[in-house]
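Read off the chains here:
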Amino acid sequence: MKVAVVGVTGLVGTVMCRVLEERNLPVSEFLPVASARSVGKMVKFKGADHKVISMEDAIAARPDIAIFSAGGGTSLEFAPKFAEVGTTVIDNSSAWRMDPGKKLVVPEINGGELTAADKIIANPNCSTIQMVLALAPLHEAFGIKRVVVSTYQSFTGTGMQAVKQYQLEKKGYKPKAEEMAYPHPIFENCLPQCDVFLENDYTKEEMKLVNETRKILNAPQIGVTATAVRVPVNGGHSESVNVEFERPFEVEKAIELLNNTPGIKVLQDNANNNYPMPRFAKDKDEVFVGRIRRDESVANGLNLWIVADNLRKGAATNAVQIAEHLIASKLINA
Ligand code: 2RA
């Protein structure tokens, strides 16, 4: 199978290559693709050196799959051009997520909705993926009425520039304006802002959690409100999630459902101070759930703590799992 990774030199693109290697997708030909300034650079895949090629050359090569992590503008311009030559595009940007004609997929939840006609498939936002994977079985069992989520997001979610800003500040330097990924220092600080502010005084990241959750769960009636915070953590998003259900439930049943959900690992052992933490989720593909406890302040409320590696299950791994689903369902020829 001919696979293109578009945005191969970025943080997610780099992790994408590692995940493709680890999960041993039947890649017969690997096409590393990046912007003009990176064409000609060498990247390693499965121990071999590969030369980065241009978007135009990649389209001409007619890959079976193109996994994008190159920003919304690039996806809007080039994903349709790949689709026109028969390539199935899996896109990590927000460009297609809320397009009514495109599927927004977490394979464990709604992979079954995919058909051979889906030539551009949207990969959800990292903070959405880890939350909905935990919410989906609970919604099916108890009917979610309302979700209140606060996120604690690693600066790796912003990309290489944020990593560099953090590293400079950690060494005691004051980055130049052009070296800043954020409007404020991130080292030893928390910023209640992930992405830009919208007219409703929420940030783009917060509204992604609201809108994408409803689309993936196919539940536009669910109330969702979010506060997304950037924290000085090197890898891994954490989320405090409060859920109100339509129907009564037992905490033990909720824990059982989560334990039985593929891709979820429950860490619920307070006696031994065992709960999910980003430092221990890093480089893993599971979504870790703990601190599961009833919210006594409402009739059918539950509190959860959800942690995942934002570059893996939050981006690269979920995208590769979509490709695996397409192959397993014979929606593309491997
Ligand atoms: C972030 N979820 O963490 C966004 C994009 N990766 O910045």
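Residues numbered from 1 in each chain as written. Predicted model: local features only at pLDDT ≥ 70, side-chain atom pairs only at ≥ 80, totals over all residues. Heavy atoms only, no water.

Looking at an unreviewed UniProt entry, one finds the chain named Aspartate-semialdehyde dehydrogenase and attributed to Phaeodactylibacter xiamenensis. Database annotation for the chain, UniProt heading Subunit (unreviewed entry): "Homodimer." (UniProt positions renumbered as here; feature names shortened; annotations may be inferred.)

### What to know about the sheet that holds strand β12 (residues 264-266)
Spatially, the 6 strands line up as an open sheet ordered β10-β9-β11-β14-β13-β12, and their pairing is mixed. Strands with a single pairing partner mark the edges of an open sheet, and in this sheet they are β10 (223-231) and β12. Pairwise comparison of adjacent strand axes, ignoring direction, gives a mean angle of 20° for this sheet. Each of β9 (144-154), β10 and β11 (237-245) touches helix α7 (residues 204-216); the most contacted strand, β10, lies at about 140° to it. (Pairing = 2+ DSSP bridges. Helix = DSSP H or I, 4+ residues; strand = E, 2+ residues; numbered from the N terminus. Axes fitted to C-alpha atoms, helices over the stretch in contact; angles between N-to-C directions. Contact = heavy atoms within 4.5 Å.)

### Focus on the nonpolar core
Formed by 58 residues in total, the largest nonpolar core has its most connected members in F82 and L304. Ranked by residues supplied to this core, first place goes to helix α5 (residues 126-142) with 9 residues. Built from parts of two domains, this core gets at least three residues from each of domain 1 (2-124 + 315-328) and domain 2 (127-310). When residues no more than four places from it in sequence are discounted, the contact partners of F82 are V6, M55, A58, I59, P63, A66, F68, T87 and V89. Of all hydrophobic cores here, the second largest spans 33 residues; its members include V12, V19, V27 and I67. (Core = buried A, V, L, I, M, F, W, Y, C linked by side-chain atoms within 4.5 Å. Buried < 20%, exposed > 50% of the residue type's maximum accessible area, 1.4 Å probe, protein only. Domains from an automatic or database assignment.)

### Thoughts on the packing of α5 against helix α8 (residues 251-259)
Where α5 contacts α8, the two axes come as close as 9 Å, and the packing angle between them is 130°. Relative to α8, α5 is oriented oblique. α5 and α8 meet at a crossing whose hand is right-handed. Contacts between α5 and α8 involve A134, P137, L138, A141 and F142 from the first element and K253, A254, L257 and L258 from the second. Here the residues of the contact of α5 with α8 sort into 8 nonpolar, no polar and 1 charged. (Parallel < 35°, antiparallel > 145°, perpendicular 65-115°, else oblique. Left-handed = near helix turned anticlockwise from the far one by under 90°. Nonpolar A, V, L, I, M, F, W, Y, C, P; charged D, E, K, R; others polar.)

### Quick look at a nonpolar patch on the surface
Among the surface-exposed residues, Y275, M277 and F280 lie close enough to one another that they form a single nonpolar patch of about 280 Å² accessible area. In this fold, F280 is placed in helix α9 (residues 278-281). (Patch = residues over 30% accessible without salt bridge, like charges linked within 9 Å, V, L, I, M, F, W, Y side chains within 5 Å. Areas by Shrake-Rupley, 256 points an atom, 1.4 Å probe, with all protein chains shown as cover. Salt bridge = Lys/Arg side-chain N within 4 Å of Asp/Glu carboxyl O.)

### Examining the packing of aromatic side chains
According to the stated counting rule, one finds 8 aromatic pairs in the structure shown. Relative to F82, the ring of F68 lies with its centre 5.5 Å away and its plane at 85°, an arrangement referred to as edge-to-face. Remark: F82 occurs in helix α3 (residues 72-84) and F68 occurs in strand β5 (residues 65-68); sequence separation between them is 14 residues. Judged by relative accessible area, which is 0%, F68 ranks as buried. Geometrically, the ring pair formed by Y166 and F187 is edge-to-face, given 5.6 Å between the ring centres and 65° between the ring planes. You can see Y166 sitting in helix α6 (residues 160-170) and its partner F187 sitting in the loop between α6 and α7, a full 21 residues away along the chain. (Phe/Tyr/Trp six-rings, centres within 6.5 Å; stacked < 30°, edge-to-face > 60°.)

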